[in-house]
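Structural description and commentary
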Amino acid sequence: MPNQTVTKQAARPLALLPILFFIAIFVGVGSYFTLQGVDFAFYQLPAHIAILPAILLAVILSKDKVNQTIETFIAGSGHANIITMCLIYLLAGAFSVVAKSTGGVDAVVNIGLAVIPSWFLLPGIFIISALIATAMGTSMGTIAAVAPVALGIGETALIAPAIMAGAVFSGAIFGDNLSIISDTTIAATRTQGCRMKDKFKKNIKVSLPAAIVTIIFLAWFNNPGDIQSSFPENPLMALPYFVILILAVTGVNVFVVLTLGVLLAGGSGMLAGEHTILSVSKNIGEGFVGMQEIFILSLLIGGLSEVTRQQGGLIAIQNGIEKLLSKAKNSDIAAQFAIFFTTALTNLGVANNTVAILITGDLNKDMAQKHKISAPHAASLVDISACIVQGLIPWGAQALLLGSLFSLSPITIVSTTFYPIVLTVFAVIAIFVRGR
């Protein structure tokens, strides 16, 4: 998705209307049923159905011919980042179901409860998730690996599933923002023209204090009940989890990690004599089916985002920010906020932090050079901004995946994800400190 194509387009604020329409439908209907006291309010109208009127509106508002607009939509749905996410969904669903049915999750849960002090369960899950995401370079892969275990630990310790999901998500966002092999970090450093280690030094000064505050928050929320657990009779059932975690830490590709996880979990169940290849195959199928809604929604969001981009909606956001920047009294602080919000608002539209960084890369680099903001600092701002938004939007891939695994509304998930909120506070402080 080259930046040059984007910068040549004319700004068209009307192109943003379909995305806003989708958000209004999804949040509005869910909020209505919540006020009516309906259980699972945000599941009454599935998100992948709520987005259909928005797609129709995008086609109607498009300046291009219908066939060309549809081609643009299909190209967005088939973008490599979208397809990658969808395949991760399938493998994560398969691994979750297979590991659960073969007893792997229960074994890991009992080991975790025996090792992690009860008063430190939530912070412990955050730290584990953060370390894995930093080593693995992907929040999606981290969530897929950690979420089933975290859910089991939370159920046993009587910790609210939403709070536990927030701890997993927070750690995944922390690691994705800092990892030297994360696609967001690579995109941020390449578009801003700086070395990875220089960006890391700038980033850690903001991210680490935010992580410490998040750990304190989680420790305060950590109020487990009377845990009744014992070391598993067959700890080898936990081996698939430990293998994939080790592979993740060593930087093995997420597809290889999850595929091996499925094979090992299924193989351990068959070796124990409790499962057959047929039953494991059925579990894999169940895992695929469980990810059907999120799979479809991701394809549709990818298509809608590309139509919005092609029609000039994102350029409208960028032009508006540049106009505000020209009127600012403190140009240094204003430029930093411009870089921050250009990336953030773009990410709201495309629902993909890496794509948002790539789209706004040239514009952010020009603003940084014009206002003498160092490339490492600009890269840090860009990456932090994108990761914050990705951790707060319920239509983002990570929130959708966690919602599927925890059987919770994605809005519930993001409402308990503390780290992006805390990170926002520290990012703003860092902007003012540098500006002065």
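Throughout this description, residue numbers start from 1 for each chain and increase along the sequence as written. Local features in a predicted model are, by the rule used here, given only for residues with pLDDT of at least 70; side-chain atom pairs are given and counted only at 80 or more, and totals for whole chains, interfaces and linings are based on all residues. Each side-chain value is worked out from all heavy atoms of the structure, with water and hydrogens disregarded.

Runs of E in the DSSP output that reach at least two residues are strands. Runs of H or I that reach at least four are helices, and both are numbered from the N terminus. The helix and strand tally for the chain stands at 22 helices and zero strands. Accessibility here uses a 1.4 Å probe with only protein chains present; expressed as a share of the type maximum, an area under 20% marks a residue as buried, one over 50% as exposed, and anything in between as partly exposed. Counting across all 436 residues of the chain, residues that qualify as buried make up 56%. We call two residues contacting when some pair of their heavy atoms lies within 4.5 Å. Across the chain, every contact between residues at least 6 apart in sequence was considered, and the portion connecting residues at least 24 apart equals 83%. Per-residue and other accessible areas were derived by the Shrake-Rupley procedure at a 1.4 Å probe size, with only the shown protein chains allowed to occlude residues. Carbon and sulfur atoms form 67% of the exposed surface of the chain, whose accessible area is close to 18200 Å².

This paragraph deals with the packing of helix H5 (residues 80–101) against helix H14 (residues 277–290). Each packed pair of helices is defined by two parameters, the angle between the axes and the distance between the axes. For every element, the axis is a line fit to its C-alpha atoms; helices are fit only across the contacting stretch, and the angle between N-to-C directions ranges from 0 to 180 degrees. Look at H5 against H14: their axes get within 7 Å of each other, and the N-to-C directions meet at 135 degrees. When the axis of H5 is compared with that of H14, the two are oblique. Here H5 and H14 pass one another in a crossing that is right-handed. For the pair H5 and H14, contact is made by Leu90, Leu91, Gly93, Ala94, Val97, Val98 and Ser101 and by Val280, Asn283, Ile284, Glu286, Gly287 and Phe288, respectively. Residues of the contact of H5 with H14, tallied by class, amount to eight nonpolar, four polar and one charged. In this scheme, roughly parallel covers angles under 35 degrees and roughly antiparallel covers those over 145, while 65 to 115 is roughly perpendicular and the rest are oblique. Crossings are assigned a handedness: left-handed for a near helix turned anticlockwise from the far helix by less than a right angle, right-handed for a clockwise turn. Three residue categories are used. Nonpolar comprises Ala, Val, Leu, Ile, Met, Phe, Trp, Tyr, Cys and Pro, charged comprises Asp, Glu, Lys and Arg, and polar comprises the others, including Gly.

Residue position: serine 385 is located in helix H19 (residues 375–390). Judged by its relative accessible area of 0%, serine 385 falls in the buried class. Sequence spacing of serine 385 and proline 420 is 35 residues, and the spatial spacing of their C-alpha atoms is 9.3 Å. Filtering out sequence-adjacent residues up to four positions away, serine 385 remains in contact with Phe340, Thr343 and Ala344.

This part is about the pattern of salt bridges. The working definition used for a salt bridge is a side-chain nitrogen of Lys or Arg within 4 Å of a carboxyl oxygen of Asp or Glu. For the structure on display, the rule yields three salt bridges. The partner of aspartate 383 in a salt bridge is lysine 199, with the nearest N and O atoms 2.7 Å apart. You can see aspartate 383 sitting in helix H19 and its partner lysine 199 sitting in helix H11 (residues 196–221), a full 184 residues away along the chain.

Right, let's talk about the side chain of histidine 48 for a bit. On the secondary structure map, histidine 48 appears in helix H3 (residues 47–61). In this structure, histidine 48 is in contact with Glu293, Ile296, Leu297 and Leu300, ignoring residues within four places of it in sequence.

Note on patches: the residues involved have over 30% relative accessible area and no salt bridge, like charges join within 9 Å, and the nonpolar side chains Val, Leu, Ile, Met, Phe, Trp and Tyr join within 5 Å. We count Lys and Arg on the positive side and Asp and Glu on the negative side, and we leave His and both chain ends out. A charge is said to be at NZ when it belongs to Lys, at CZ for Arg, at CG for Asp and at CD for Glu. Where like charges cluster on the molecular surface, the positive patch consists of Lys197, Lys201, Lys202 and Lys205. Looking at the secondary structure, you find lysine 202 in helix H11. For lysine 202, a relative accessible area of 35% puts it in the partly exposed group.

Okay, helix H15 (residues 292–310) next. A helix is expected to reach a length of 1.5 Å times the quantity of its residues less one. The first and last C-alpha atoms of H15 sit 28 Å apart over 19 residues, in line with the 27 Å expected at 1.5 Å per residue. Just past H15, the residue glycine 312 takes up positive phi, approximately 95 degrees.

Let's shift gears to the side chain of asparagine 177. Looking at the element boundaries, asparagine 177 is found in helix H9 (residues 161–178). Judged by its relative accessible area of 0%, asparagine 177 is buried. At a separation of 3.1 Å, a polar atom in the side chain of asparagine 177 contacts the side chain of serine 207. Setting aside chain neighbours within four positions, we find asparagine 177 in contact with Thr185, Lys199, Asn203, Ser207, Asp383, Ile384, Cys387 and Leu423. A 3.5 Å cut-off defines polar contacts: any pair of N or O atoms within that distance qualifies, except that in protein one atom must be a possible hydrogen donor and the other a possible acceptor, and neighbouring residues in sequence count only when both atoms are side-chain atoms.

The end-to-end C-alpha distance of H9, which contains 18 residues, comes to 26 Å, matching closely the 26 Å that a straight helix rising 1.5 Å per residue would cover. The buried fraction of H9 amounts to 17 of the 18 residues, a majority that puts the element mostly inside the structure.

A separate point is the nonpolar core. The set of buried Ala, Val, Leu, Ile, Met, Phe, Trp, Tyr and Cys residues whose side-chain atoms join them within 4.5 Å is what this entry labels a nonpolar core. If you look at the biggest cluster of nonpolar residues, it comprises 122 residues, and the most contacted ones within it are Tyr89, Ile143, Leu401, Leu402 and Phe406. Those residues in contact with leucine 402 that lie beyond four places of it in its chain are Ile143, Ala147, Ala165, Val168, Phe169, Ser407 and Ile413.

A separate point is the packing of helix H8 (residues 139–156) against H9. At their nearest, the axes of H8 and H9 sit 9 Å apart, and the two run at 155 degrees to each other. Between H8 and H9, the interaxial angle falls into the category roughly antiparallel. Relative to H9, the crossing made by H8 is right-handed. Contacts between H8 and H9 involve Ser139, Thr142, Ile143, Val146, Ala147, Ala150, Leu151, Ile153 and Gly154 from the first element and Met164, Val168, Phe169, Ala172 and Asp176 from the second. When grouped by side-chain class, the residues that make up the contact of H8 with H9 number 10 nonpolar, three polar and one charged.

Attention now moves to a nonpolar patch on the surface. Taken together, the side chains of Val256, Leu260, Leu263 and Leu264 define a hydrophobic patch exposed on the protein surface, amounting to about 320 Å² of accessible area. A relative accessible area of 32% places leucine 264 in the partly exposed class.

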